[in-house]
Amino acid sequence: MTPEEQKKQVGDAAAAYVKDGMKVGLGTGSTAAWFVKAVAEQVKAGMNLTLVSTSVQTTQLAQSLGLVIKDINDVGTLDLCVDGADEVGPGLALIKGGGAALLREKLTWEQAKSCIVIADDAKVVDVLGRFALPIEVEPFAWKGTVNRISDVLTEFDIAMMPKVRKTGPNADAPYWITDGGNLIFDVACGAIHEPVGLAHELKSLTGVVDHGLFLDLADVALIGGPDGVKVLHP
């Protein structure tokens, strides 16, 4: 089974958690896209859902499939949010943000009663940090913010400097600009042994909008592999 087939199987599996009348958050990324496609089939079959999106990219995909996306401010508490992850660690601690949608994803997750993370089995790790940690930063005075980030990283024995993400959907822009107009800096941590402490310290920094550590947010993980879908709990 290819990685893409694994992504499809968890996208389909997550759709089984969706019930008629629900308010549902649609995640961002290549795995979440399969969930969006599965939801589109449910709606075509007559299911009534209220849908919100975590990114411009997901909104465009959903609308291309005939789905109506609502403004999250008009929807209130969501019943469910389904999204992918770049790493799934112990206790369903996650690194997200490879698609640069981490802020809107986190806002949507925190507005949902239940959150399901979907991923292929290559994303499951014993220690977070192999995937570079994304940090979303306000562009104004970003150099000072990066210096403060580096000081915090040093406290947690992470030696690598944050690197601005340059490759993005807008080829004319020198840096990747998020949907919210911010920059993304990636940190090759190697290993994050104290994710809770690091998350708290990064969030406290002026200029840091948010980071890709998603802790105590996922209720269930659906992991695709050659033997089918595994269900993990915190």
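First, a word on scope: everything that follows refers to the structure included in this document. Values in this document were obtained by computation on a predicted structure and should not be read as measured data.

## Describing the overall build of the protein
The number of helices and strands found in the protein is 6 helices and 13 strands. Seen through its C-alpha atoms, the protein measures out along the principal axes to roughly 55 × 35 × 30 Å. Counting the 234 residues in the protein, one finds 50% classified as buried. Across the protein, every contact between residues at least 6 apart in sequence was considered, and the portion connecting residues at least 24 apart equals 74%. When the accessible surface of the protein is totalled, it reaches about 11000 Å², and 53% of it is carbon and sulfur. Put simply, the protein has 20 plus and 30 minus side-chain charges, and the middle of one group is 4 Å from the middle of the other.

## Things to note about the pairing of strand β9 (residues 183–187)
In terms of burial, β9 is largely enclosed, as 5 of its 5 residues are buried. With burial as the criterion, each face of β9 is covered, one bearing L183, F185 and V187 and the other bearing I184 and D186. Examined bridge by bridge, strand β7 (residues 133–137) and β9 share 5 bridges and lie antiparallel to one another. Looking across to β9, one finds that V137 is bridged to L183. Direction of pairing for strand β8 (residues 163–164) relative to β9: antiparallel, over a ladder of 2 bridges. Considered in β9, the bridge of V164 is made with F185.

## A short note on the packing of aromatic side chains
Taken as a whole and judged by the stated rule, the model has 2 aromatic pairs. Between the aromatic rings of W109 and F214, the centroid separation amounts to 5.3 Å while the plane-to-plane angle is 80°, which identifies the pairing as edge-to-face. With W109 in helix α4 (residues 102–109) and F214 in strand β11 (residues 213–214), this residue pair connects regions lying 105 residues apart in the sequence. In terms of burial, W109 and F214 fall into one category: buried. Of note, K96 hangs over the ring of F214, and the distance from its end group to the ring centre comes to 5.4 Å. One residue, R165, lies across the ring of W176, its end atom 5.3 Å from the ring centre.

## Some points on the sheet that holds strand β6 (residues 115–120)
Taken in spatial order, the 6 strands of this open sheet run β2-β1-β3-β6-β12-β13, and their pairing is mixed. Unpaired on one side and paired on the other, β2 (50–53) and β13 (228–232) mark the two borders of the sheet. Strand after strand, the sheet turns through a mean of 20° between neighbouring axes, direction not considered. Bridge analysis of strand β1 (residues 23–26) against β2 gives 4 bridges, and the strand direction is parallel. The residue bridging K23 from the neighbouring strand is T50, located in β2. In the packing of helix α1 (residues 3–15) onto the sheet, contacts are made with β3 (80–84), β6, β12 (220–225) and β13, and the angle to β12 comes to roughly 145°.

## Describing the pattern of salt bridges
Where charged atoms from two side chains of opposite charge come close, those side chains can pair. Taken as a whole and judged by the stated rule, the model has 10 salt bridges. Of the charged contacts, one joins D79 and K113 as a salt bridge, the two residues approaching to 3.6 Å between their closest N and O atoms. Here D79 is found in the loop between α3 (56–64) and β3, whereas its partner K113 is found in the loop between α4 and β6, with 34 residues between them in sequence. Overall, K113 belongs to the exposed group, its relative accessible area being 60%. For D210, the salt bridge is made with K203, and the minimal N-O distance between the two is 2.8 Å. On the accessibility criterion, D210 (4% relative accessible area) is buried. By sharing partners, the salt bridges in this structure join D83, K96 and E105 into a single network.

Reading the values: the criteria
Residues numbered from 1 in each chain as written. Predicted model: local features only at pLDDT ≥ 70, side-chain atom pairs only at ≥ 80, totals over all residues. Heavy atoms only, no water. Helix = DSSP H or I, 4+ residues; strand = E, 2+ residues; numbered from the N terminus. Buried < 20%, exposed > 50% of the residue type's maximum accessible area, 1.4 Å probe, protein only. Contact = heavy atoms within 4.5 Å. Areas by Shrake-Rupley, 256 points an atom, 1.4 Å probe, with all protein chains shown as cover. Lys, Arg positive; Asp, Glu negative; His and termini not counted. Charge placed at Lys NZ, Arg CZ, Asp CG, Glu CD. Pairing = 2+ DSSP bridges. Phe/Tyr/Trp six-rings, centres within 6.5 Å; stacked < 30°, edge-to-face > 60°. Lys NZ or Arg CZ within 6 Å of the ring centre and 35° of its normal. Axes fitted to C-alpha atoms, helices over the stretch in contact; angles between N-to-C directions. Salt bridge = Lys/Arg side-chain N within 4 Å of Asp/Glu carboxyl O.

By themselves, these are just geometric observations and shouldn't be taken as functional.
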